[in-house]
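Fold and geometry: a report
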Amino acid sequence: SIARLDSETMKKDKNPTGDGAVIVTPLAYTKITLHAVANPCQPIHGILVGNQCEGNLRIVDALPVCHSHPTRTILNMAFRLAESHLLRTTSTNTTTIVGWYTATERLDDTKASPAVFRILSTIHSTELGIEPVLLCIQNSKFTNLMEEEEDEQKDTASTLLQGYSWDAQNKRTTSIPVVLVQQSSGSPGKTLAALRTHCSGFLSSSRTTSRLPIYDFENHLEEGGSSHIQETDWLVNRAVVDFLMS
């Protein structure tokens, strides 16, 4: 289960930085990255789930919501389902919705839309007493992810993701560092090397190329039978969890 995966990650990885950073686990980072790569010509949006550990905010999961501009109906349904999912799968109320992630449809556009800040203003992490966090994907940095040689010391997450805290009262953002941590074994470099293979599958025109499927809430709402509903479980994305646990 995701709860077990997060528990193992919490036990075995180490806090790589000082207070004030956003720590992104492989589960969250992989989902965010695949969501963007699977929808290269659309804006993407999703929910960040996290907790606090040793003075840092730790993003333990990402729940992909949509690959279009979010409507109020989509948002209301997604947040209700996400909150219910967390109540069922987490053992404490310290793991909660802590923010939002997004990417635009344009390569050179790194600014979040006004709608994103309205969404952030509705997120209140009362259990943690912190301001909501925004992670913006830097689309132009995807070439780094695809072309770099494996380097166990390089933290590609810090270049691909830009972190901000959102002050709703003053309506302003503050830049915060982003760090990718390793899972129970291996390193961030090894996780990224394996992830690059699957990203190449999405970007390849060949139908035979290996692809790691990722689904958002919008995919889940598409017409289909019971098998479609189970396959497009956006709250878990079982294929991604299995990939990271293998």
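Let me sum up the structure you'll find in this document. Keep in mind the model is a prediction, meaning the values are calculated, not measured.

The subject of this paragraph is the nonpolar core. Among the nonpolar cores identified, the biggest contains 25 residues, and I47, V65, F79 and W100 are the most heavily contacted of them. Contributing elements (two or more residues each) for this core: β2 (44–53), β3 (56–66), α3 (72–89), β4 (96–103), α4 (114–120) and β5 (133–137). Ranked by residue count, the leading element in this core is α3, at six residues. Those residues in contact with V65 that sit more than four places away from it in its chain are H35, H45, G46, I47, I74, A78, W100, D216, F217, E218 and W234. Residues V22, A36, I59 and I176 belong to the second largest nonpolar core, which totals 24 residues.

Next up on the list: helix α2 (residues 26–38). Helical geometry: 3.6 residues make up each α-helical turn, so side chains three or four residues apart lie on a common side. With 13 residues, α2 extends 18 Å between its outermost C-alpha atoms, agreeing within 8% with the 18 Å of an ideal straight helix rising 1.5 Å per residue. In terms of residue burial, α2 counts as a mostly covered element, since 12 of its 13 residues are buried. Among all positions in α2, only P26, L27, A28, Y29, T30, K31, I32, T33, L34, H35, A36 and V37 are buried.

Our focus in this paragraph is the packing of α2 against helix α10 (residues 238–245). Angle between the axes and distance between the axes are the two parameters that describe a pair of packed helices. The geometry of α2 relative to α10 is characterised by a closest axis approach of 10 Å and an angle of 130° between their N-to-C directions. Our classification of the angle between α2 and α10 gives oblique. For the crossing formed where α2 meets α10, the hand is right-handed. Contacts from P26, L27, T30, K31 and L34 in α2 reach V240, V241, F243 and L244 in α10. Of the residues belonging to the contact of α2 with α10, the class tally is seven nonpolar, one polar and one charged.

Reading the values: rules and limits
Residues numbered from 1 in each chain as written. Predicted model: local features only at pLDDT ≥ 70, side-chain atom pairs only at ≥ 80, totals over all residues. Heavy atoms only, no water. Core = buried A, V, L, I, M, F, W, Y, C linked by side-chain atoms within 4.5 Å. Buried < 20%, exposed > 50% of the residue type's maximum accessible area, 1.4 Å probe, protein only. Helix = DSSP H or I, 4+ residues; strand = E, 2+ residues; numbered from the N terminus. Contact = heavy atoms within 4.5 Å. Expected span 1.5 Å × (residues − 1). Axes fitted to C-alpha atoms, helices over the stretch in contact; angles between N-to-C directions. Parallel < 35°, antiparallel > 145°, perpendicular 65-115°, else oblique. Left-handed = near helix turned anticlockwise from the far one by under 90°. Nonpolar A, V, L, I, M, F, W, Y, C, P; charged D, E, K, R; others polar.

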